[in-house]
Amino acid sequence: MLHDPNLRTVSGMRPTGPLHIGHYFGALKNWVPMQETHSAYFFVADWHALTSDYADTSRLKGFVRGLVIDWLASGLDPEKCAIFQQSKVLEHAELSLLLGMITPVSWLERNPTYKEQQQEITNKDLGNFGFLGYPVLMAADILMYRPKWVPVGQDQLPHLELTREIARRFNGFYGPVFPEPEARLTPAAKCPGLDGRKMSKSYGNGIFLQDTMEEIAPKVRGMFTDPARLRKSDPGNPDVCNLYPYHELLTDPETRAEIREGCTTAKLGCVDCKKIFMKNLEAFLAPLHERRAKYVERPELVDDILAEGNKAAKAEASRTMQDVREAMHM
Ligand code: TRP
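Residues numbered from 1 in each chain as written. Predicted model: local features only at pLDDT ≥ 70, side-chain atom pairs only at ≥ 80, totals over all residues. Heavy atoms only, no water.

**Q** Explain the site of the ligand here, please?
**A** Inspection of the region around the ligand gives Ser11, Gly12, Arg14, Phe43, Ala45, His48, Tyr134, Met138, Asp141, Ile142, Val152 and Gln156 as its neighbouring residues. In the model, an oxygen atom of the ligand is placed 3.2 Å from a nitrogen or oxygen of the arginine 14 side chain. Taking tyrosine 134, its side chain carries an N or O atom lying 2.6 Å from a nitrogen atom of the ligand. Elements represented by at least two residues in the shell around the ligand include exactly strand 1 (4–13) and helix 8 (134–143). Considering each element in turn, the shell around the ligand owes the most residues, four residues, to helix 8. Counted by class, the shell around the ligand contains six nonpolar, four polar and two charged residues. (Near = heavy atom within 4 Å. Polar contact = N/O pair within 3.5 Å; in protein donor to acceptor, adjacent residues only side chain to side chain. Helix = DSSP H or I, 4+ residues; strand = E, 2+ residues; numbered from the N terminus. Nonpolar A, V, L, I, M, F, W, Y, C, P; charged D, E, K, R; others polar.)

Given below as structure tokens:
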């Protein structure tokens, strides 16, 4: 591996169900090239899933495996990065506990993500201690690997800012142990759901990485386009169309220009536009489906990959914890 050990990176996702193409273009697409240049740690944040989904954990194990398969399908290569499971590296719990000692509750209470989710998520009780402490655990996940970059989506920025503040406070009390990591933002990829709302599992409006073309076809047929374009003879407006952003992600610039021209002059209808989308989506998904097949057939391979990754993560984590314990005179 050609990695510069100083260029470490870490990121994670919660195992809450299959990934959709919004996850791919919003995050994974950024992760995959980083494994070529960085010592990269990618982990399944299963403890974080519990912060809100603590009441029914019956599907958790399946989600953990499924998430890893989605990652492998997307091109993460266990030869090039460590793929591990948070709850199997107990050092994360220890560091989270210690960071919790120095984190003012007021920092957590004023976290915008916390306030927003408290208000928006009404179908479960988020008054639990673990949910308030979400960013402390996340700071532990990150600081454990002393990374330079953390590739995350825009929505994670408040959490990352807290991580930096916690690192600063720790270093202030106990000496310089943690560098302050920076976000590596994924260029905003617009991936609206089939119905125009944000693509989300809970809205049932997603195209999933594991979907077959047979499953995708009816979804695309029902997909909203320009709501003002009722007949093919009406000119359309790609800038308000729900499908067009996908051409930005999947279609070559020349064809894209033709689509724009055809749509605005009423020469290209939505049905044909969707056909181009389906063709390009199929080409995009084909290698993912090909890579996925092996792991669906032999899920024990996933367990082996995680076992290896857990070991690699643990080695790094125990080094960090030695420094932490020493700095804190434990
Ligand atoms: N909060 C992240 C999400 O919802 C998941 C996560 C947990 C994470 N710990 C992390 C991401 C550490 C980056 C680094 O997607």
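Next comes the rest of the description.
**Q** Explanation requested: unusual backbone geometry in the structure shown.
**A** Glycine aside, residues mostly have negative phi, and peptide bonds are mostly found in the trans state. Backbone geometry at arginine 146 places phi at a positive 40 degrees, although glycine is not the residue there. One can find arginine 146 in the loop between helix 8 and strand 4 (149–152). What makes arginine 146 buried here is its relative accessible area of 19%. Positive phi outside glycine occurs at alanine 266, with the angle close to 65 degrees. Within the fold, alanine 266 resides in the loop between helix 12 (253–264) and helix 13 (270–297). Classification of alanine 266 by relative accessible area gives buried; the value is 19%. (Buried < 20%, exposed > 50% of the residue type's maximum accessible area, 1.4 Å probe, protein only.)

**Q** Would you take a moment to explain the packing of helix 3 (residues 60–74) against helix 14 (residues 300–327) for this structure?
**A** Geometry of a packed helix pair, given as the angle between the helix axes and the separation of the axes. Closest axis-to-axis distance for the helix 3/helix 14 pair is 10 Å, and the angle between their directions is 85 degrees. Comparing the axis directions of helix 3 and helix 14 gives the class roughly perpendicular. Contacts from Val64, Arg65, Val68, Ile69 and Leu72 in helix 3 reach Val302, Asp303, Ile305 and Leu306 in helix 14. Among the residues forming the contact of helix 3 with helix 14, the class breakdown is seven nonpolar, no polar and two charged. (Axes fitted to C-alpha atoms, helices over the stretch in contact; angles between N-to-C directions. Parallel < 35°, antiparallel > 145°, perpendicular 65-115°, else oblique. Contact = heavy atoms within 4.5 Å.)

**Q** In this structure, what is going on with helix 1 (residues 21–37)? I would like to understand it.
**A** Turn by turn, an α-helix covers 3.6 residues, leaving residues three or four places apart pointing in a common direction. The end-to-end C-alpha distance of helix 1, which contains 17 residues, comes to 24 Å, matching closely the 24 Å that a straight helix rising 1.5 Å per residue would cover. Of all the bends found along helix 1, the most pronounced is centred on alanine 27 and spans about 45 degrees. By the burial criterion, the buried members of helix 1 are Ile21, Gly22, Tyr24, Phe25, Ala27, Leu28, Asn30, Trp31, Val32, Met34 and Gln35. (Expected span 1.5 Å × (residues − 1). Bend = angle between axes of the 7 residues up to and from the residue.)

**Q** In this structure, what is going on with the domain arrangement of the chain? I would like to understand it.
**A** How big an interface is tends to be reported as the loss of accessible area on association of its parts. For the chain, the assigned domains are domain 1 (5–190 + 299–327) and domain 2 (213–291). For domain 1 versus domain 2, the distance between C-alpha centres works out to 35 Å. In this complex, domain 1 contributes nine residues to the contact, which on the side of domain 2 involves eight residues. Between domain 1 and domain 2, the buried area comes to about 840 Å², and carbon and sulfur atoms account for 74% of it. When the area that domain 1 buries against domain 2 is broken down by residue, the three leading residues are Ile21, Phe25 and Lys190, summing to 59%. If you look at where domain 1 meets domain 2, you find zero salt bridges. In this assembly, domain 1 and domain 2 are joined by one residue pair in polar contact (both at pLDDT 80 or more). Elements supplying a minimum of two residues to the side of domain 1 that touches domain 2: helix 1 and helix 3. (Domains from an automatic or database assignment. Buried area = accessible area lost by both parts, 1.4 Å probe. Salt bridge = Lys/Arg side-chain N within 4 Å of Asp/Glu carboxyl O.)

**Q** How should I be thinking about the packing of aromatic side chains in this particular structure?
**A** Here the distance between the centres and the angle between the planes together describe a pair of aromatic rings. If you walk through the whole model with that rule in mind, you get 13 aromatic pairs. Taken together, a centroid distance of 5.0 Å and an interplanar angle of 85 degrees make the contact between tyrosine 24 and phenylalanine 25 edge-to-face. Assigned by exposure class, tyrosine 24 and phenylalanine 25 land together as buried. Taken together, a centroid distance of 5.7 Å and an interplanar angle of 55 degrees make the contact between phenylalanine 84 and tyrosine 145 tilted. Of the two residues, phenylalanine 84 sits in strand 3 (residues 81–85) while tyrosine 145 sits in the loop between helix 8 and strand 4, which places them 61 residues apart along the sequence. Given a relative accessible area of 0%, phenylalanine 84 falls into the buried group. Grouped by ring-pair contacts, the aromatic residues Tyr41, Phe43, Phe84 and Tyr145 constitute a single cluster. Its guanidinium or amino end placed over the ring of tryptophan 149, arginine 184 lies 4.5 Å from that ring's centre, counting from NZ or CZ. The cationic tip of arginine 197 hangs over the ring face of tyrosine 203; the distance from NZ or CZ to the ring centre is 4.1 Å. (Phe/Tyr/Trp six-rings, centres within 6.5 Å; stacked < 30°, edge-to-face > 60°. Lys NZ or Arg CZ within 6 Å of the ring centre and 35° of its normal.)

**Q** For this particular structure, what's the right way to read the nonpolar core?
**A** A general tendency of soluble globular proteins is for nonpolar side chains to be buried together. Grouped together as the largest cluster of nonpolar side chains are 50 residues, with contacts concentrated most on Ile21, Trp71, Ile83, Phe277, Leu281 and Phe284. At the level of secondary structure, the elements contributing two or more residues to this core comprise helix 1, strand 2 (38–44), helix 3, strand 3, helix 10 (213–221), helix 11 (244–250), helix 13 and helix 14. Top element by residues in this core is helix 13. It accounts for eight residues. Counting contributing residues, this core receives three or more from each of domain 1 (5–190 + 299–327) and domain 2 (213–291). What phenylalanine 284 contacts, discounting residues up to four positions off in sequence, is Ile21, Tyr24, Phe25 and Leu250. (Core = buried A, V, L, I, M, F, W, Y, C linked by side-chain atoms within 4.5 Å.)

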